[in-house]
Amino acid sequence: MELIQDTADLSAYLAADQVIDHHHPVVREAAARLAEEVADSYEYARAAYEFVRDTIPHSQDSGDLRVTWRASDVLALGTGICYAKSHALAALLRAEDIPAALCYQRLSDGEGGHVVHGLVAVRFRGAWHRQDPRGNKPGADARFSLDGERLAWVPDPSSNEMDYPVLYAEPHPAVLAALRAAPDRPYLWKTLPSTL
């Protein structure tokens, strides 16, 4: 699949905004801690990915009812669903001048419908590489990779699942609206977008 930037301006994938708030002290502190432990930007990207994937539980897995959407809140509270964790990873990458995009899949929800799943793409070696920071569990084993995707799930076209090819500089409006409107995770689960 060919990944398509939603803007040709690469600087948009380094920008800070209210969601990917990489100038926030919580994000800067986490980025600085991670950067101290590595030798280069490749190692930093892997460390940031593994930090978000492994130390910030997916709120459904942990039973946390709080809904986070701003990167700094995800890091401060230590919880989030796939979209929120993607926002946190994008912020950590951009904090160290590594271009990061938000991208999505449409997957079966296990109940006869579909749900949009959030990913991050990181730019290295002149190309974009998708990563899934959701968090591993039985049936989902995502790994950081610049040599072929190691995502948690591969969409099944026969089940109307798909990869969306667009790389967004900012969260998709449908995703952000669902997150911001939800008072808790059970409510959010009923309002997650099923398509973009």
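All residue numbers refer to positions counted from 1 along the written sequence of the respective chain. Note on the predicted model: pLDDT of at least 70 is required for a residue's local features to be given, and 80 or more for side-chain atom pairs to be given and counted; whole-chain, interface and lining totals, by contrast, use all residues. Hydrogens and water are ignored here; the side-chain numbers use all heavy atoms of the structure.

Participant: Outline the layout of surface pockets, listing residues and values.
Facilitator: Taken as a whole, the largest pocket encloses approximately 530 Å³ of empty space. Strands are runs of DSSP state E lasting at least two residues, helices are runs of H or I lasting at least four, and both sets are numbered from the N terminus onward. Listed by contribution, the elements that provide at least two residues to the lining of the largest pocket are helix H5 (82–95), strand S2 (100–108) and strand S3 (114–124). Top contributing element to the lining of the largest pocket by residue count: S3, with four residues. Here the residues of the lining of the largest pocket sort into ten nonpolar, five polar and five charged. Whether a set of points on the 1 Å grid over the protein atoms alone is a cavity depends on a 1.4 Å probe fitting there but being unable to get out, while an open set qualifies as a pocket with protein on both sides within 12 Å along at least five of seven lines; lining residues are those with an atom within 4 Å of a point. Grid points are joined across faces, edges and corners, and a volume is the space filled by probe spheres set on the points. Polarity classes work like this: nonpolar for Ala, Val, Leu, Ile, Met, Phe, Trp, Tyr, Cys and Pro, charged for Asp, Glu, Lys and Arg, and polar for all others, with Gly in that last group.

Participant: Break down the side chain of Gln105 for me, with residues and values.
Facilitator: Looking at the element boundaries, Gln105 is found in strand S2. On the basis of relative accessible area, Gln105 is assigned to the buried category, the value being 0%. Identification of polar contacts relies on pairs of N or O atoms within 3.5 Å, with a donor-acceptor requirement for protein atoms, meaning one able to donate a hydrogen and the other able to accept it, and with residues adjacent in sequence counted only if both atoms are side-chain atoms. A distance of 3.1 Å separates a polar side-chain atom of Gln105 from the backbone oxygen of Trp153. Polar contacts involving the side chain of Gln105 include one to the side chain of Asp163, which spans 3.0 Å. Whether two residues are in contact is decided by their heavy atoms, any of which lying within 4.5 Å being enough. If near-sequence neighbours (up to four positions away) are discounted, Gln105 is found in contact with Val115, Val116, His117, Leu119, Arg130, Leu151, Trp153, Pro155, Met162, Asp163 and Tyr164. When a residue's accessible area, from a 1.4 Å probe over protein chains only, is under 20% of the maximum for its type it is buried; when over 50% it is exposed; and in between it is partly exposed.

Participant: Break down the pattern of salt bridges for me, citing the residues and quoting the values.
Facilitator: When a carboxyl oxygen of Asp or Glu is within 4 Å of a side-chain nitrogen of Lys or Arg, the pair counts as a salt bridge. Overall, the coordinates contain nine salt bridges when judged by the stated rule. Ionic pairing is found between Arg66 and Asp64, a salt bridge with its closest N-O pair at 2.7 Å. Residue Arg130 pairs with Asp163 through a salt bridge whose shortest N-O separation is 3.0 Å. With Arg130 in strand S4 (residues 127–131) and Asp163 in strand S5 (residues 162–163), this pair connects stretches of sequence that are 33 residues apart. Taking the relative accessible area as the measure of exposure, Arg130 reaches 2% and is therefore buried. Owing to a relative accessible area of 22%, Asp163 belongs among the partly exposed residues under this scheme. Among the charged side chains, a salt-bridge network with shared partners connects Arg130, Glu149 and Asp163.

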